[in-house]
Protein chains: 2
Amino acid sequence: MSAMSAADPAPRQPRLGDAFGSILARCWAAGAVPYSSVEVVERDDGLISANDPARYFAAPEAWSDLERWAWEQATGRILDVGCGGGRHAAPWARKGLDVLGLDSSPGVVGIMRERGLAAQLGSLPQLPDGLGTFETIALFGNNLGLLGGPDRAPAVLRALAEVARPGTRILGTAHDPSGGESVSHHAAYFAWNRERGRSPGQLRIRVRDGVIATPWFDYWLAAPDELATAVADTPWTLETIERASAGSGLVVCLRR
Amino acid sequence: MSAMSAADPAPRQPRLGDAFGSILARCWAAGAVPYSSVEVVERDDGLISANDPARYFAAPEAWSDLERWAWEQATGRILDVGCGGGRHAAPWARKGLDVLGLDSSPGVVGIMRERGLAAQLGSLPQLPDGLGTFETIALFGNNLGLLGGPDRAPAVLRALAEVARPGTRILGTAHDPSGGESVSHHAAYFAWNRERGRSPGQLRIRVRDGVIATPWFDYWLAAPDELATAVADTPWTLETIERASAGSGLVVCLRR
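About the cut-offs
Residues numbered from 1 in each chain as written. Chains lettered and ligands numbered in written order. Predicted model: local features only at pLDDT ≥ 70, side-chain atom pairs only at ≥ 80, totals over all residues. Heavy atoms only, no water. Buried < 20%, exposed > 50% of the residue type's maximum accessible area, 1.4 Å probe, protein only. Helix = DSSP H or I, 4+ residues; strand = E, 2+ residues; numbered from the N terminus. Arc of directions from axis to C-beta. Contact = heavy atoms within 4.5 Å. Buried area = accessible area lost by both parts, 1.4 Å probe. Salt bridge = Lys/Arg side-chain N within 4 Å of Asp/Glu carboxyl O. Polar contact = N/O pair within 3.5 Å; in protein donor to acceptor, adjacent residues only side chain to side chain. Nonpolar A, V, L, I, M, F, W, Y, C, P; charged D, E, K, R; others polar. Least-squares fit on C-alpha atoms with pLDDT ≥ 70 in both. Pairing = 2+ DSSP bridges. Axes fitted to C-alpha atoms, helices over the stretch in contact; angles between N-to-C directions. Phe/Tyr/Trp six-rings, centres within 6.5 Å; stacked < 30°, edge-to-face > 60°.

Glancing now at helix 4 (residues 106-114) of chain B. All names here are of chain B. Among the residues making up helix 4, those that are buried are Val108, Val109, Ile111 and Met112. Viewed along the axis of helix 4, the buried residues span an arc of 160°, placing them on a single side of the element. Opposite the packed face of helix 4, turned more than 90 degrees from it, sit the exposed residues Arg113 and Glu114. For helix 4, the secondary structure elements touched by its buried residues are helix 1 (19-29), helix 3 (89-94), strand 5 (99-103) and strand 6 (119-121). Backbone geometry just after helix 4 places Gly116 at a positive phi near 80°.

Bringing the interface of chain A and chain B into the picture now. The interface of chain A with chain B comprises 34 residues on the first partner and 34 residues on the second. Counting each side, the surface lost to burial between chain A and chain B is near 3,400 Å², with a carbon and sulfur contribution of 61%. Where chain A touches chain B, the interface holds two salt bridges. Between Glu42 of chain A and Arg208 of chain B there is a salt bridge; the shortest N-O distance is 3.0 Å. The interface formed by chain A and chain B contains nine residue pairs in polar contact (both at pLDDT 80 or more). Elements with a minimum of two residues in the side of chain A that touches chain B: strand 2 (39-43), strand 3 (48-51), strand 9 (202-209) and strand 11 (217-220) of chain A. Residue composition of the side of chain A that touches chain B, grouped by class: 17 nonpolar, seven polar and ten charged.

This next bit is on the relation of the copies chain A and chain B. Once chain A is rotated about the relating axis by 180° and shifted along it by 0.0 Å, it coincides with chain B to within an RMSD of 0.0 Å. With respect to symmetry, the two chain copies, as superposed, fit the operation of a two-fold axis. When the interface residues of chain A are mapped onto chain B, 100% of them again fall at the interface, so both copies present the same face.

Glancing now at the sheet that holds strand 8 (residues 164-175) of chain B. All names here are of chain B. If you trace the seven strands from one edge of the open sheet to the other, you get 6-5-4-7-8-13-12, paired in mixed fashion. What marks the edges here is a single partner per strand, and that holds for strand 6 and strand 12 (237-243). Each adjacent strand pair in this sheet contributes to an overall mean axis angle of 20°, direction not counted. Looking at chain direction, strand 12 and strand 13 (residues 249-255) are connected through six bridges and run antiparallel. When the sheet's bridge partners are listed, Ile241 is paired in strand 13 with Val252. Seen against the sheet, helix 2 (residues 65-73) touches strand 8, strand 12 and strand 13 and runs at an angle of roughly 20° to strand 13.

With that out of the way, let us pick up the packing of aromatic side chains. By the definition in use, this model includes 15 aromatic pairs over all chains. Measuring from ring centre to ring centre gives 4.0 Å for Tyr35 of chain A and Tyr35 of chain B, while their planes differ by 5°; the resulting arrangement is stacked. Residue Tyr35 of chain A is found in the loop between helix 1 (19-29) and strand 2, and its partner Tyr35 of chain B is found in the loop between helix 1 and strand 2 (39-43); the two belong to separate chains. Overall, the relative accessible area of 21% leaves Tyr35 of chain A in the partly exposed class.

Encoded structure:
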């Protein structure tokens, strides 16, 4: 290998696009068999991770106990925020529940509709108009991270309150940044976040596929006390935090 | 998703390290089963690709016909340049041939030795001292690409001549950049290379794993006429170029 010389032009950045949707679309087109495509996620400290997107289509038997428990709590009309391939929405629909998927990826919305599942393009905190109201708002697959960070979370929660009814619950799955494996793996990143005035668990990431990448976005592993602060000034009440019997998995329940 | 605001700090680059070796080491430790790790390769136009490193351990039955043919041509003492996991070296050794692997990755050299295969750390064109001479120099798994480019190739070929004997052959596998799939896939990159005065098929890439990455290096898909030019001023003669019955695969044979 020869290192690049000083005269060489700088590497180019990927083009902005629906990298997440194209990864999931290839996986879905191949029957969602393992590693029919690869989800490459880049974090802003240079960390690259590569995962099997087949998990976005996994059947309930393959979920963790905690995720199955959270899934069972959903009642009434459900807004499935960051619905991915529809792994939660499909069995909700089979159970007879009325579920609407919401995703910022056009590719993902296309897959949902191909599966006969209702879905709409949109992202937080600017929800599309005309969604109606929901009895359950699900942020599954660690999508409590879509709260984004301490500054952004109150706006997201207020936006979600506009599509909620009295008594509506937000069910969000997450990982506690202070517990389990994540500490040893990510200690340096958490420290860097503290240095630059960010919440330790505020991950800045993007998804890459071929020559395209999503914009950088913040995905927040909030500590329970940070979450309580973020919720305080919103129409939501932190009702319970359920923990997995092992590991750092959490289910956060907020009540309107 | 929220795009990064202008006030946000720039993303960090990964740290330099043996990304290729660590990817192969995890794969090997897991029994080289498919996707026990993922090889992420970044090209300098922002292209990301993710592949199964189990192929670096694939048995001859899993190779292409052309690769098996090239493998059978090796005779005498063999230098296996860019030996990877030892997929070519292991069956050569089983056949009773004397093979030395050479790789710039300490992790790869460690795997070779764990497998009981002779290997030495080193890269082109600065070969380590004391290698002795070889009757066959193998650049397999598309490693003819390690010639690097039109400027670098003559120095690499002269270095290899120093460990050659009269009659020694270089056997290199490659893909013709003007043939098959690669054109449609990579036309924009080839055009960008032309614009900046590089050979069209001169790929600038690095391997990424976790927070580490290899240095950027040039991997050259040389067209046959470019190869002839690169060889002209060296102690080597372009003997034959064998082509796959389908696709763009090549085996290039040079004679000392």
